[in-house]
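Chain residues, written in single-letter form:
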Amino acid sequence: GENVEQHPSTLSVQEGDSAVIKCTYSDSASNYFPWYKQELGKRPQLIIDIRSNVGEKKDQRIAVTLNKTAKHFSLHITETQPEDSAVYFCADPTGTASKLTFGTGTRLQVTL
Amino acid sequence: DVKVTQSSRYLVKRTGEKVFLECVQDMDHENMFWYRQDPGLGLRLIYFSYDVKMKEKGDIPEGYSVSREKKERFSLILESASTNQTSMYLCASSLDTSGNTIYFGEGSWLTVV
């Protein structure tokens, strides 16, 4: 599948600070960019996604931005809270059947 | 709510054993997937299926096979388990068209000793 590079692999922030996770993709035809959150011991779940016809999408404290020219998209979490602590995965669709290639994940730790 | 159910949460198998991991979804989704999750490597696709009896290799199919005899059920088979297949296995499903949410099962922790 196509490569999706995700950075950083770990991120520690203090409660109330912002967190940013970035993913870079290689297929210029990609048009759908989701972010999944996986809490400890639980399944990954979609938290936000963006399509290529918009540059930014917000949902309360989380937002995703897309830069198609540079082929990267980022997850922004503002006013972080302890419950934001989790592993976050970006994904990029490849090929048929909406097959997603996932990044390697970012472990976010929000400290008090 | 979409429900993706993996029948076994925790398994311990011996090297060389044949292992079946079963997955069932209840939302009439066309696509089903098997991912493997390992620390630092993210979610890697083993196999996926976009229709009954159809299957395609993912990024790491070696040592695995799959079966989809019914739309709602997708099975992952380890013909001869090896210790390097110790991992968390996640089943998932989605609607047919691109850009649809993938729904995951709770995962199956497999240890091969």
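Our subject is the structure listed above.
Everything numeric in this text was worked out from a predicted model, so none of it was measured.

Observations regarding the nonpolar core
At step 1: Counting residues in hydrophobic clusters, the biggest one holds 22 residues, and the most contacted among them are Trp35, Phe73, Leu75, Ile77, Tyr88 and Leu108 of chain A.
At step 2: Among the secondary structure elements, those contributing two or more residues to this core are strand 2 (10–14), strand 3 (19–25), strand 4 (32–38), strand 5 (45–51), strand 7 (62–67), strand 8 (72–77), strand 9 (86–94) and strand 11 (106–111) of chain A.
At step 3: Counting residues per element, this core draws most heavily on strand 3 of chain A, at 4 residues.
At step 4: Look past the residues within four positions of Phe73 of chain A in its chain and what remains in contact with it is Ile21, Lys22, Cys23, Tyr25, Phe33, Pro34, Trp35, Thr65, Leu66, Cys90 and Ala91 of chain A.
At step 5: Listed in part, the 20 residues of the second largest apolar core include Trp34, Phe74, Leu78 and Cys91 of chain B.

A few points about the environment of Val4 of chain A
All names here are of chain A.
At step 1: Along the chain, Val4 falls in strand 1 (residues 4–7).
At step 2: Given a relative accessible area of 11%, Val4 falls into the buried group.
At step 3: Measuring from C-alpha to C-alpha, the distance between Val4 and Ala91 comes to 7.1 Å, with 87 residues separating the pair along the chain.
At step 4: The residues touching Val4, leaving out its near neighbours within four places in the chain, are Cys23, Thr24, Cys90, Asp92, Thr101 and Gly103.

A word on the sheet that holds strand 8 (residues 73–78) of chain B
Residues and elements named next belong to chain B.
At step 1: Strand order in the open sheet formed by 4 strands is 1-3-8-7, with antiparallel pairing between adjacent strands. Because the sheet does not close on itself, it has two edges, and the strands there are strand 1 (4–6) and strand 7 (65–70). Looking at each pair of strands side by side, their axes are set apart by 20° on average, direction ignored.
At step 2: One ladder, built from 4 bridges, connects strand 7 with strand 8; its direction is antiparallel. Within the sheet, the bridge partner assigned to Ser65 lies in strand 8 and is Ile77.

Regarding the interface of chain B and chain A
Interfaces are often sized by the accessible area lost when the parts come together.
At step 1: Residue-level contacts link 28 residues of chain B with 19 residues of chain A.
At step 2: Here chain B packs against chain A, burying approximately 1,900 Å² in sum over the two surfaces, 52% of which is carbon and sulfur.
At step 3: Joining chain B to chain A, the criterion identifies 1 salt bridge.
At step 4: For the salt bridge of Glu106 of chain B with Arg43 of chain A, the shortest nitrogen-to-oxygen distance reads 2.9 Å.
At step 5: At the junction of chain B and chain A, the tally comes to 5 residue pairs in polar contact (both at pLDDT 80 or more).
At step 6: Listing elements by their share of the side of chain B that touches chain A, those giving two or more residues are strand 4 (31–38), strand 5 (42–49) and strand 9 (87–94) of chain B.
At step 7: Class assignment for the residues of the side of chain B that touches chain A results in 12 nonpolar, 11 polar and 5 charged.

Focus on the packing of aromatic side chains
At step 1: A complete count under the given rule lists 13 aromatic pairs over all chains for this structure.
At step 2: For the pair Phe89 of chain A and Phe102 of chain A, a centre-to-centre distance of 6.4 Å together with 85° between the ring planes defines the contact as edge-to-face. Remark: Phe102 of chain A occurs in strand 10 (residues 99–102) and Phe89 of chain A occurs in strand 9; sequence separation between them is 13 residues.
At step 3: With a centroid separation of 5.9 Å and 65° between ring planes, the pair formed by Tyr64 of chain B and Tyr89 of chain B is classed as edge-to-face. With Tyr64 of chain B in the loop between strand 6 (56–57) and strand 7 and Tyr89 of chain B in strand 9, this pair connects stretches of sequence that are 25 residues apart. Here the two residues Tyr64 of chain B and Tyr89 of chain B agree in accessibility, since each one is buried.
At step 4: Taken together, the ring pairs connect Tyr36, Phe89 and Phe102 of chain A together with Phe33, Tyr35, Phe48 and Phe104 of chain B into an aromatic cluster.

Quick notes on the state of the cysteines
At step 1: If you walk through the whole model with that rule in mind, you get 2 disulfides over all chains.
At step 2: Each sulfur in the disulfide pair Cys23 of chain A and Cys90 of chain A lies 1.8 Å from the other. Judged by the sign of its S-S torsion, about -85°, the bond between Cys23 of chain A and Cys90 of chain A is left-handed. A residue pair is termed long-range when its members are at least 10 positions apart, and Cys23 of chain A in strand 3 and Cys90 of chain A in strand 9 qualify at 67 residues.
At step 3: For Cys23 of chain A, a relative accessible area of 0% corresponds to the buried category.
At step 4: Paired by a disulfide, Cys23 of chain B and Cys91 of chain B hold their sulfur atoms 1.9 Å apart. Taking the torsion about the sulfur-sulfur bond, which here is approximately -80°, the covalent link between Cys23 of chain B and Cys91 of chain B counts as left-handed. Here Cys91 of chain B lies in strand 9 and Cys23 of chain B lies in strand 3 (residues 19–25), a separation of 68 residues in the sequence.
At step 5: Its relative accessible area of 0% is what places Cys23 of chain B among the buried residues.
At step 6: Classification of Cys91 of chain B as buried rests on a relative accessible area of 0%.

The rules behind the values
Residues numbered from 1 in each chain as written. Chains lettered and ligands numbered in written order. Predicted model: local features only at pLDDT ≥ 70, side-chain atom pairs only at ≥ 80, totals over all residues. Heavy atoms only, no water. Core = buried A, V, L, I, M, F, W, Y, C linked by side-chain atoms within 4.5 Å. Buried < 20%, exposed > 50% of the residue type's maximum accessible area, 1.4 Å probe, protein only. Helix = DSSP H or I, 4+ residues; strand = E, 2+ residues; numbered from the N terminus. Contact = heavy atoms within 4.5 Å. Pairing = 2+ DSSP bridges. Axes fitted to C-alpha atoms, helices over the stretch in contact; angles between N-to-C directions. Buried area = accessible area lost by both parts, 1.4 Å probe. Salt bridge = Lys/Arg side-chain N within 4 Å of Asp/Glu carboxyl O. Polar contact = N/O pair within 3.5 Å; in protein donor to acceptor, adjacent residues only side chain to side chain. Nonpolar A, V, L, I, M, F, W, Y, C, P; charged D, E, K, R; others polar. Phe/Tyr/Trp six-rings, centres within 6.5 Å; stacked < 30°, edge-to-face > 60°. Disulfide = S-S within 2.5 Å.

Distances and angles like these do not, on their own, reveal function.
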